[in-house]
Structure formats: C-alpha cells, structure tokens
Amino acid sequence: MVIKNWAIKFFAIGVILTFCCKLTYAQVIYQPYSYQFYQKLNDQLYFDNTNLHTAVKPYLISDANALRTTYDSLMNLGVDSSRKSWLSRKLFNEHGFDDRNKEFTFYADYLPDLLIGKDLSGKKSTYLNTRGFQVGGTIGTKFFFYTSAYENQGTFPEYLTDYIHTTGMVPGQALEFTLGTPDWSYATGLIGYNPTKSISLVMGVDKTFIGDGYRSLLLSDFSANYPLFRITFNLGKKVQYMAMWSLLQDQTATTFPDQHAPYRKKWAAFHYIDWTISNRASLGFFNAIIAAESDDDGTNHPFDVNFINPIFFSKALAPSTQIPDHTLFGFNGKYKVLNKTTLYGQLLFDQQSAPANTGTEYGYQLGFRGADLFKVHALNYLVEYNTVKPYTYSHQYPLVNYTQYNEPLGDPFGADFKEIVGLLNYSIGKFDFQGELNYAKLGVNYDNVNYGSDILIPAVITPGTVIGQGTNTSFKYAEGKVAYLINPKYNLRFELGLVYRDETSSITSSKTTWVTFGLRSTFRDLYTDF
C-alpha cells in the first residue's frame with residue numbers, strides 16, 4: 001500500500017537522522033497515563049513558577065525533568081527501608097524484579113486486578129479476574145522500552161453489559177470474544193529513543209491523551225490501544241511540536257471482496273503544537289485527519305500530502321477518493337489564575353462534509369483544577385464542563401468517523417450532550433480517597449432516526465441542529481473510592497468502591513448501585529462513568 005510504504009520510509013529517515021545526533025540525554029521513564037496518578041503531579045504541573053508542556057500524555061520523565069522529584073516521592077511512598085527479608089521488600093517496597101546499573105535498567109512486575117462486587121439494583125454479583133504483567137527499562141541514556149499485557153474474565157452491572165453487547169468492546173480495553181462471560185485480552189508495547197534533549201521518538205501500541213482536563217475533546221484515552229509512531233520536538237523552551245501517525249480499525253464498516261483482515265482499517269495523523277506564552281499561560285493548536293486505507297471496492301487510498309504536512313490538514317491537498325478524508329482541528333489552552341490553580345479549556349471544529357446551511361459541528365470544554373485546596377496538602381480537585389454539538393466526530397462515510405473500533409476518540413458520550421464533572425482526591429499516608437460527581441443532558445436517537453448522538457452511523461446533518469435534540473436524557477453519576485497502598489512501584493492496593501448511576505428519559509430508565517472490593521494494581525484508566 002502506498003501510504004504504508006511512505007510511513008515506513010519516513011520512519012526510517014527519522015531513525016537515521018536521529019542516530020546521527022551526538023548529544024546525550026539522561027535516562028527517561030515512561031509513565032503510563034491515568035488521571036488518578038497524574039493528578040498527584042498537580043502541584044508541579046500547575047505551579048506558577050514553571051512553564052511545562054502539560055497537554056500531551058503519557059509523559060516521559062527524565063532525570064532533568066521538573067517532575068522527577070515529585071515522581072520519585074510517589075514511587076517511594078510508604079517504602080520502609082528497614083525491611084530486610086526478600087519477600088517483604090518485594091511485596092511492599094520494590095518491583096518484582098529490578099536490575100539497575102550504569103548501562104541499563106530493567107524491571108518486571110506481576111499485575112493482579114481481582115475484584116468482587118454486587119450490582120444492588122440488578123441483584124447481580126460481579127467480578128473481575130485480571131492477570132497481567134509489565135516489563136520496562138532503559139538501555140544507555142537514550143533508549144527506553146515498556147510492555148504490559150492483561151488476560152481478563154469478568155462480569156459487570158447491566159449498563160456495562162449492555163455497552164459490551166452493543167459495541168463488542170470492553171470499555172477502553174479490547175474486543176470481547178465470547179457470547180457468555182466476557183473474556184478478553186490486550187497489550188501495550190513501546191520502544192522509545194531520545195537522540196537529544198529536544199527530540200523524542202516513540203513507536204508501539206498505546207494511547208495518547210491531549211488536554212489538561214479529565215475528558216479530552218481533541219484526543220482522549222477512552223478507546224482501545226492502537227499502533228502508533230509519535231515524534232516530539234521541543235523548539236527552545238516555549239514551543240513543543242508533536243506529530244503522530246496511527247492505524248485504527250472499524251468493526252462495522254462494509255467489507256469488500258478478497259479482504260484479508262477481519263475489519264476495515266483507517267489511517268490517522270495528528271499534530272499538536274504547544275506554546276507556553278509565559279509561566280502562567282499556554283496555547284496549543286491541534287488537527288487530525290482520518291483516511292480510509294481503501295475504498296469499498298478494495299482500492300488503496302493514494303498518497304496524501306496531508307500525512308506529512310506539518311502544520312494544517314487541508315481538503316484542497318487531499319486526493320480525490322471514493323471515501324473523502326475526515327479532518328478536525330481545535331485549540332487547547334490553560335491559564336494559571338493562582339498558584340497551583342489553573343483555568344483550562346478546549347475548542348474543537350469538525351470539518352466533515354455537510355450542507356452549507358447547517359453550520360459547523362463543534363465542541364468545547366471549560367474547567368479549572370488545582371492542588372492543595374484550602375491549603376490542605378495533597379487535596380486535589382477538578383471541575384469541568386464539556387459540550388459537543390450533534391453529528392460532531394461522525395461522517396457521511398462511517399469508516400472515517402473519529403473512533404477506534406467502535407469507541408470514541410473524544411468524549412465517551414460521543415456527541416449531542418452537555419456534561420459537568422467534578423473530582424476530588426485526597427491522599428494521607430498510604431490511604432487515598434477519590435470522589436466523582438457527573439451530571440449530563442444527552443440527546444439520544446430513537447425510532448431509527450439519527451439525531452446526531454451516535455457517531456458510528458452515517459451523519460445526515462440537517463439545518464437547525466441543537467444540542468439535546470432527540471430523546472432528552474438525564475444522566476447522573478457518583479463514585480467514591482478508598483484505597484490503601486501496598487506497593488507504590490506498580491500501584492498495588494486494596495480498593496473499596498461505590499458507584500451510583502441513573503440514566504432516565506421519557507422512554508427508559510436505568511439505575512445502578514454497584515459496590516466493589518478487591519486487590520488492584522497498574523497505572524491505567526478504566527472508565528465506567530458514561
């Protein structure tokens with residue numbers, strides 16, 4: 001395929017060029033992204049004397065990074081150096097296997113996620129049985145590697161079971177392969193090379209999150225992992241440029257004769273430029289393009305100059321194809337109104353093909369977050385409002401909608417919604433307390449009419465669309481968690497959780513009260529708040 005050949009060529013050129021660089025850089029650590037862990041870095045991320053590029057996640061944390069001191073303290077929280085026995089050190093203080101010297105570092109852990117629970121509303125027992133592992137390390141001062149994998153079985157409350165049956169996906173993880181008890185597996189794998197202090201190259205299978213909030217309307221981590229190649233340049237101290245190329249899949253797109261893969265594929269390219277205007281303010285520009293690997297006849301997509309265009313994707317530059325490319329662009333910004341208190345927001349525009357008199361599909365976010373609320377150390381908070389107009393992210397050709405498999409690359413609600421979410425987290429010693437409240441007004445399709453909420457089906461945009469059209473649905477969600485940390489190196493903990501969810505419309509009503517308890521580990525986001 002032409003696009004695939006070009007991707008290989010550009011990656012090879014990038015590797016050759018970076019190997020020519022002679023500058024050294026301190027060892028880097030890949031830290032998987034999860035809101036629960038990253039918000040503990042708030043006091044450094046949003047300190048008014050720093051000008052860090054905070055939007056693109058996961059972070060690569062180096063010895064010279066301003067986050068390193070805080071990161072190390074979190075990785076050693078509760079570690080007792082007086083423990084002498086091998087078993088107690090491995091259980092409470094260290095990685096399962098850890099070898100470090102001047103030439104390389106290597107660590108490995110077993111990752112259990114074992115939950116029992118009760119859906120009190122549905123009078124149903126639930127459980128999660130996950131056996132996983134992670135392996136990571138560095139070679140010299142420029143290379144890092146990381147991989148994790150999970151084998152899972154479980155049962156869920158009714159609303160999550162309905163989601164799995166509808167989409168065929170366990171939320172944010174993988175395809176569900178059975179018709180009975182859900183059974184699924186997935187993996188993350190990355191290799192990275194930092195030829196200089198200003199350049200980072202990462203290739204593998206993972207997710208990327210762009211934003212300073214809990215949700216992201218530009219690119220979130222809600223969907224399943226995907227293959228990617230990401231390159232990041234720091235142009236001086238104030239400008240950071242990120243480009244990423246990814247391969248996505250679509251479960252529902254029409255197959256064509258002689259198709260070898262089970263699902264249709266689509267290419268995605270993302271650009272993000274972040275400018276730290278001052279220690280208090282930053283502004284970022286984002287754009288994305290989704291292109292079908294081939295049309296419905298199996299004809300490969302011709303080379304598109306947009307895939308190497310470093311600034312702005314343009315329809316005028318795209319080749320003429322049976323399935324036109326889908327382009328989106330937007331902005332991400334933040335302003336530190338007070339020390340450790342930040343106002344942030346996003347604005348997204350969808351450039352899909354639509355009748356001229358229907359307007360532009362868009363979404364926006366506004367929120368504030370911070371650390372040490374009321375001067376209480378480690379009391380972190382966030383309040384955020386998100387709204388997306390009907391038909392945003394969808395397309396007249398569903399293959400190029402803004403999804404990975406059947407899950408949104410933006411907000412979990414897709415489109416046609418207004419949402420406000422608040423989170424509060426407090427840590428004291430080894431105890432961690434987190435609470436979340438979420439209220440949303442959704443417009444839901446009914447009578448086989450597409451009102452714009454389902455981004456998986458063809459967009460049929462009509463004049464006069466308004467947010468909330470369709471069946472007006474009220475969504476309420478509350479969640480509380482209490483955790484006791486056992487080992488900080490891989491977040492091994494006992495965790496007690498309570499979820500209350502209420503989704504009500506004039507047509508249906510669904511209420512869930514779900515209690516869980518178990519032994520958990522890993523740094524990853526597993527969303528249930530939708």
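Residues numbered from 1 in each chain as written. Predicted model: local features only at pLDDT ≥ 70, side-chain atom pairs only at ≥ 80, totals over all residues. Heavy atoms only, no water.

1. Some remarks on the overall build of the chain
Counting its regular elements, the chain contains 6 helices and 27 strands. Residues counted as buried form 56% of the 530 residues belonging to the chain. Of the contacts formed within the chain by residues at least 6 apart in sequence, a portion of 65% connects residues at least 24 apart. Accessible area of the chain: about 22,100 Å², with a carbon and sulfur share of 64%. (Helix = DSSP H or I, 4+ residues; strand = E, 2+ residues; numbered from the N terminus. Buried < 20%, exposed > 50% of the residue type's maximum accessible area, 1.4 Å probe, protein only. Contact = heavy atoms within 4.5 Å. Areas by Shrake-Rupley, 256 points an atom, 1.4 Å probe, with all protein chains shown as cover.)

2. Considering the pattern of salt bridges
Using the criterion set out here, one finds 19 salt bridges in the structure. Residue Glu158 pairs with Lys124 through a salt bridge whose shortest N-O separation is 3.6 Å. You can see Glu158 sitting in helix 6 (residues 158-167) and its partner Lys124 sitting in strand 6 (residues 124-139), a full 34 residues away along the chain. Arg215 serves as the salt-bridge partner of Asp411, at 3.7 Å between the closest nitrogen and oxygen. Residue Asp411 is found in the loop between strand 22 (407-408) and strand 23 (417-428), and its partner Arg215 is found in the loop between strand 12 (209-210) and strand 13 (226-235); the two are separated by 196 residues along the sequence. (Salt bridge = Lys/Arg side-chain N within 4 Å of Asp/Glu carboxyl O.)

3. Topic: the packing of aromatic side chains
In this structure the tally under the stated criterion is 35 aromatic pairs. Both rings, one in Phe329 and one in Phe331, keep their centres 6.5 Å apart while their planes meet at 85°; by these two values the pair is edge-to-face. By relative accessible area, Phe329 is classed as buried at 18%. Exposure remark for Phe331: the relative accessible area of 32% places this residue in the partly exposed category. Linked through ring pairs, Tyr33, Phe37, Tyr38, Tyr59, Tyr71, Phe209 and Phe523 together constitute an aromatic cluster. Between the NZ or CZ atom of Arg524 and the centre of the ring of Tyr150, over which it lies, the distance is 4.1 Å. (Phe/Tyr/Trp six-rings, centres within 6.5 Å; stacked < 30°, edge-to-face > 60°. Lys NZ or Arg CZ within 6 Å of the ring centre and 35° of its normal.)

4. Here's the deal with the environment of Thr54
Along the polypeptide, Thr54 turns up in the loop between helix 3 (42-45) and strand 2 (56-57). It is 6.8 Å that separates the C-alpha atoms of Thr54 and Asp212, two residues lying 158 residues apart in sequence. In this structure, Thr54 is in contact with Leu45, Tyr46, Tyr59, Gly211, Asp212 and Lys334, ignoring residues within four places of it in sequence. Of the polar contacts made by the side chain of Thr54, one reaches the side chain of Lys334; its length is 3.1 Å. (Polar contact = N/O pair within 3.5 Å; in protein donor to acceptor, adjacent residues only side chain to side chain.)

5. Section: the nonpolar core
Counting residues in hydrophobic clusters, the biggest one holds 85 residues, and the most contacted among them are Ile210, Leu219, Phe270, Phe286, Tyr393 and Tyr402. With 7 residues, the next largest nonpolar core counts Ile199, Leu201, Ile231 and Tyr241 among its residues. (Core = buried A, V, L, I, M, F, W, Y, C linked by side-chain atoms within 4.5 Å.)

6. Considering the side chain of His53
With respect to the helices, strands and loops of the structure, His53 is situated in the loop between helix 3 and strand 2. A relative accessible area of 18% places His53 in the buried class. At 2.7 Å, the side chain of His53 forms a polar contact with the side chain of Asp274. Ignoring sequence-local partners within four residues, the contact set of His53 consists of Tyr59, Asn234, Lys237, Lys238, Val239, Gln240, Asp274 and Thr276.

7. Points about helix 4 (residues 68-75)
At 3.6 residues per turn, the α-helix brings residues three or four places apart onto the same side. Listing the buried residues of helix 4 in full gives Arg68, Thr70, Tyr71, Leu74 and Met75. Summarising the axial view, the buried residues of helix 4 lie within an arc of 165°, below the 170-degree limit, and thus occupy one face. Check the buried side of helix 4 and you find it contacts strand 1 (28-31), helix 2 (35-38), helix 3 and strand 3 (59-62). (Arc of directions from axis to C-beta.)

8. A closer look at a nonpolar patch on the surface
Taken together, the side chains of Ile116, Tyr127, Ile428, Phe431, Phe433, Val482, Tyr484, Phe494, Leu496 and Phe517 present a nonpolar region at the surface, about 900 Å² in accessible area. Elements supplying a minimum of two residues to the nonpolar patch: strand 24 (431-444), strand 25 (471-487) and strand 26 (492-505). Along the chain, Tyr127 falls in strand 6. Taking relative accessible area as the criterion, Tyr127 reaches 33% and is therefore assigned partly exposed. (Patch = residues over 30% accessible without salt bridge, like charges linked within 9 Å, V, L, I, M, F, W, Y side chains within 5 Å.)

9. Structural notes on unusual backbone geometry
Across residues other than glycine, the phi torsion is negative in most instances, and most of the peptide bonds are trans. In this structure, Pro58 follows Lys57 across a cis peptide bond, with omega equal to 10°. Counting through the fold element by element, Pro58 comes out in the loop between strand 2 and strand 3. Despite not being glycine, Lys375 shows a phi value in the positive range, around 65°. With respect to the secondary-structure elements, Lys375 resides in the loop between strand 19 (361-370) and strand 20 (379-388). Of note, Thr522 is a non-glycine position whose phi angle comes to about 80°, a positive value. Residue position: Thr522 is located in the segment after strand 27 (509-520).

10. Comments concerning the confidence of the model for the chain
Summary statistics for the chain give a mean pLDDT of 89 and a share of 90% for residues scoring 70 or more. Low confidence marks residues 1-25, where pLDDT is under 50. Its contacts with residues over four positions away, or in another chain, come to 37 contacts. (pLDDT = per-residue confidence, 0-100.)

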